[in-house]
Amino acid sequence: MQTRNLINNQWIDADSGATIDVLDPATDERIAVIPSCGAAETRRAIEAAAAALPEWRSWTAEERAVPLRRLAQLMVEHRERLARLMTSEQGKPLSEARGEIDYARSFIAWAAEEGKRVCGETIPASTRDKRILVLRQPVGVAAAITPWNFPSAMITRKMGPALACGCTMVIKPSELTPLSAFALGELAIEAGIPAGVVNIVTGDAPAIGAELCANPTVRKLSFTGSTAVGRILMRQGAENLTRLSLELGGHAPFLVFDDADVEAALSGAMASKFRNTGQTCICANRFYVQDGIYDEFVAGLEAQLGSLRVGRGVDEGVQVGPLINDAAMDKVESQVADARDKGGRVRAGGARVAVAGCANRFYAPTLLEGFTRDMTIATQETFGPVAPVQRFTHESQAIEAANDSEFGLAAYFYSRDASRLMRVAEALEYGVVGANDGAPSTAQAPFGGVKHSGFGREGGRYVMHEYLETKYVSWGL
Ligand code: ADP
């Protein structure tokens, strides 16, 4: 298993020899020691990406698709190993880790094909002696900074399209989950992606981030993480006018109307809320349920979340794993305590769960009734397995409450009324809307947010724009 950084197909240590321990969040066991690099190594990674760029971008899209397809195939062959590695550093249940490898693979496979459909245009000119050509060209060296909650997919969803468009890359994964990134780097080499096209650095995140933003060779930065860090990167990139894609925090509302299929709404709620122990940026963070269906829906939710199995992700059958670290636990506990203080009622869960032989980092799936706008859980991302529920009477109330957020990433609602489906989908101020769907993420669709959830889209043909420049050639005859 590779544990060092990748620059120009060489696996390297930090110049200083400094390291960071990687821990299994379930047990606190040290599973690896990785380099703690800074600006100097990042600069070298950028230089390697710049050196590899002329050759890589000269390949045809079909030629670039060959190693990308091979990488996708290697991910299939190494699925189980990659999934186990992910669970050991991230904690998610093995079944979810396997699902993430498939999902991560789909971004590479999709981009390999989509790269062939990056088309320019000719536009009729206004005079007879001119022709207008529009070329689409790779932006150049692209950087990616990715989070710990999807250690593989958040990388491939940037790397697949960037490489398919002809860009070369420097990737900084989260220091909490770097091993999945290194494993992808190894497979990229095996797949025949040339040296310098993919580089991976870990270490001092602010120092690496500052170099990626300020270095004029980096023409594009795609970031997935918190709104706070997104703001820092945008400020730092201002001098260099670095092009940004920012996929930031979310606070997804989940609306259930009286005319919903309650079974479908429940399974959507469970998928959206408890996947990855509630640690996704599109997790339902607040539920609004209409009066007529409230009792049935909430009773159903209580029954279903009560049957979830909490434990170590490596144990088959486990559905809810540990939180990523103690800070995550503090946040969940403080949100629940705050809700209780302000009149919320914990109907199920609401406490840690002891798991034999493990760290004290497991939180029971929790159902919280009667949440109100003044509670921290109503406005701050929870990133934990807590479902706060509130009643509503009128559709307009629910929409107003749903949109009352600084965030705008994902929103969900359940209804069987076709008119309402269109009306509510249009009214929700969110980049992704699950209309009778609790799991909307997929490689071919545009994923991204509005408001403080950021900007830019990942997935499908939309993501290709993020890694391309549009050049207009006015051709005099
Ligand atoms: P989360 O709350 O999900 O951990 P963060 O925004 O803190 O989100 O982390 C997402 C990614 O951003 C990680 O790779 C992290 O190391 C990186 N990061 C954190 N702080 C900075 C920073 N100041 N500059 C650049 N990257 C950063």
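Thresholds, definitions, all that
Residues numbered from 1 in each chain as written. Predicted model: local features only at pLDDT ≥ 70, side-chain atom pairs only at ≥ 80, totals over all residues. Heavy atoms only, no water. Helix = DSSP H or I, 4+ residues; strand = E, 2+ residues; numbered from the N terminus. Buried < 20%, exposed > 50% of the residue type's maximum accessible area, 1.4 Å probe, protein only. Contact = heavy atoms within 4.5 Å. Areas by Shrake-Rupley, 256 points an atom, 1.4 Å probe, with all protein chains shown as cover. Near = heavy atom within 4 Å. Polar contact = N/O pair within 3.5 Å; in protein donor to acceptor, adjacent residues only side chain to side chain. 1 Å grid on protein atoms, 1.4 Å probe; cavity = no way out; pocket = protein on both sides within 12 Å on 5 of 7 lines; lining within 4 Å. Sits in = over half its atoms within 2 Å of the grid points. Pairing = 2+ DSSP bridges. Axes fitted to C-alpha atoms, helices over the stretch in contact; angles between N-to-C directions. Salt bridge = Lys/Arg side-chain N within 4 Å of Asp/Glu carboxyl O. Disulfide = S-S within 2.5 Å. Core = buried A, V, L, I, M, F, W, Y, C linked by side-chain atoms within 4.5 Å. Points joined across faces, edges and corners; volume = space filled by probe spheres on them. Nonpolar A, V, L, I, M, F, W, Y, C, P; charged D, E, K, R; others polar. Parallel < 35°, antiparallel > 145°, perpendicular 65-115°, else oblique. Left-handed = near helix turned anticlockwise from the far one by under 90°. Phe/Tyr/Trp six-rings, centres within 6.5 Å; stacked < 30°, edge-to-face > 60°. Lys NZ or Arg CZ within 6 Å of the ring centre and 35° of its normal.

Caption draft 1: Just the overall build of the protein chain, in detail. Looking only at helices and strands, the protein chain features 13 helices and 20 strands. Dimensions of the protein chain along its principal axes, counting C-alpha atoms only, are 70 × 60 × 40 Å. Taken across its 477 residues, the protein chain has 56% of its residues classed as buried. Relative to all contacts within the protein chain whose residues are 6 or more apart in sequence, the contacts with residues 24 or more apart total 73%. As presented, the protein chain carries roughly 18200 Å² of accessible surface, and 51% of it is formed by carbon and sulfur atoms.

Caption draft 2: Representation of the site of the ligand. Not every one of the 16 residues close to the ligand is listed here, only the nearest: Thr146, Trp148, Lys172, Glu175 and Ser226. In this structure, Thr146 approaches the ligand through a main-chain N or O atom, which is 2.7 Å from an oxygen atom. Here Glu175 contributes a side-chain N or O atom positioned 3.2 Å from an oxygen atom of the ligand. Coverage of the ligand by the protein chains reaches 77% of its 550 Å² of free accessible surface. If you map the ligand onto the pockets, it falls in the largest pocket. Those elements giving two or more residues to the shell around the ligand turn out to be helix 7 (205-214), strand 10 (218-224) and helix 8 (227-236).

Caption draft 3: Up close: the sheet that holds strand 6 (residues 130-138). Strand order in the open sheet made by the 3 strands is 5-6-20, with antiparallel pairing throughout. A single partner strand is all that each edge strand has here, and the edge strands are strand 5 (121-123) and strand 20 (468-476). Each strand of the sheet is rotated relative to its neighbour by a mean of 25 degrees, with strand direction disregarded.

Caption draft 4: Local environment of the pattern of salt bridges. Evaluation of the coordinates by the stated rule reveals 32 salt bridges. Here Lys92 ties to Glu100 by a salt bridge, and the two come within 2.5 Å at their closest N and O atoms. By the burial criterion, Lys92 is buried, and Glu100 matches it. One salt bridge connects Glu395 with Arg420, and the closest N-O pair in it is separated by 2.7 Å. With Glu395 in helix 12 (residues 395-403) and Arg420 in helix 13 (residues 418-427), this pair connects stretches of sequence that are 25 residues apart. The two residues Glu395 and Arg420 agree in class, both being buried. Residues joined in a network through salt bridges with shared partners are Glu80, Arg84, Arg98 and Glu316.

Caption draft 5: Representation of the state of the cysteines within the structure. Following the criterion strictly, the structure yields 0 disulfides and no others. With no disulfide of its own, Cys167 has Cys165 as its nearest cysteine by sulfur position, at a separation of 6.0 Å. On the basis of relative accessible area, Cys167 is assigned to the buried category, the value being 0%.

Caption draft 6: Seen up close, the nonpolar core. Of all hydrophobic cores here, the largest spans 58 residues; its most connected members are Leu71, Met75, Met159, Leu163, Ile171, Ile193 and Val198. Residues Ala265, Met270, Phe287 and Leu301 belong to the second largest nonpolar core, which totals 33 residues.

Caption draft 7: Up close: empty space enclosed by the protein. Under the definition given, this model contains 5 cavities of 30 Å³ or more. If you add up the space inside the largest cavity, you get close to 80 Å³. For the largest cavity, the full set of lining residues is Tyr103, Phe150, Met154, Arg157, Arg275, Thr280, Cys281, Ile282, Ser441 and Phe447. Considering only residue class, the lining of the largest cavity consists of 6 nonpolar, 2 polar and 2 charged. Size it by volume and the second largest cavity reaches roughly 60 Å³. Along the walls of the second largest cavity sit Phe107, Trp110, Ala111, Arg157, Pro161, Ala443, Gly459, Gly460, Val463 and Met464, which together make up its complete lining. Of all the secondary structure elements, the ones that give two or more residues to the lining of the second largest cavity are helix 4 (94-114) and helix 5 (153-165). No other element matches helix 4, which puts 3 residues into the lining of the second largest cavity.

Caption draft 8: Quick peek at the sheet that holds strand 12 (residues 252-256). Pairing is mixed in the open sheet, where 7 strands are placed in the order 14-15-16-13-12-17-18. Each edge of the open sheet carries a strand with a single partner, namely strand 14 (345-348) and strand 18 (432-435). Sheet twist, expressed as the mean angle between neighbouring strand axes with direction ignored, is 25 degrees. Pairing of strand 12 with strand 17 (residues 410-414), which is carried by 3 bridges, proceeds in the parallel orientation. Across the sheet, residue Leu255 finds its bridge partner in strand 17, namely Phe413. Set on the sheet, helix 13 makes contact with strand 12, strand 13 (284-290), strand 17 and strand 18; between it and strand 17 the angle comes to about 160 degrees.

Caption draft 9: Examining the side chain of Asn215 more closely. Tracing the backbone shows Asn215 in the loop between helix 7 and strand 10. Looking at Asn215, its side chain comes within polar contact range of the main-chain nitrogen of Thr217, at 2.9 Å. In this structure, Asn215 is in contact with Arg43, Ile46 and Asn240, ignoring residues within four places of it in sequence.

Caption draft 10: Structural view of the packing of helix 12 against helix 13. Running from N to C, helix 12 and helix 13 cross one another at 30 degrees; their axes reach a closest spacing of 10 Å. Comparing the axis directions of helix 12 and helix 13 gives the class roughly parallel. By crossing handedness, the relation of helix 12 to helix 13 is classed as right-handed. In this structure, helix 12 uses Glu395, Ile399 and Asn403 to contact helix 13, whose residues at the interface are Arg420, Arg423, Val424 and Ala427. Class assignment for the residues of the contact of helix 12 with helix 13 results in 3 nonpolar, 1 polar and 3 charged.

Caption draft 11: Up close: the packing of aromatic side chains. With the rule as written, the count across this model stands at 11 aromatic pairs. Relative to Phe287, the ring of Phe254 has its centre 4.9 Å away and its plane inclined at 40 degrees; by these criteria the two rings are tilted. Placement of Phe254 in strand 12 and of Phe287 in strand 13 is noted, with a sequence separation of 33 residues between them. Each member of the pair, Phe254 as well as Phe287, is classed as buried. Measuring from centroid to centroid gives 6.4 Å for Phe257 and Phe413, while their planes differ by 85 degrees, and the two rings are edge-to-face. Here Phe413 lies in strand 17 and Phe257 lies in the loop between strand 12 and helix 9 (262-274), a separation of 156 residues in the sequence. Among the aromatic residues, those joined into a ring-pair cluster are Phe254, Phe287, Phe297, Tyr412 and Tyr414. Against the face of Tyr294 rests Arg391, its NZ or CZ located 4.0 Å from the ring centre.

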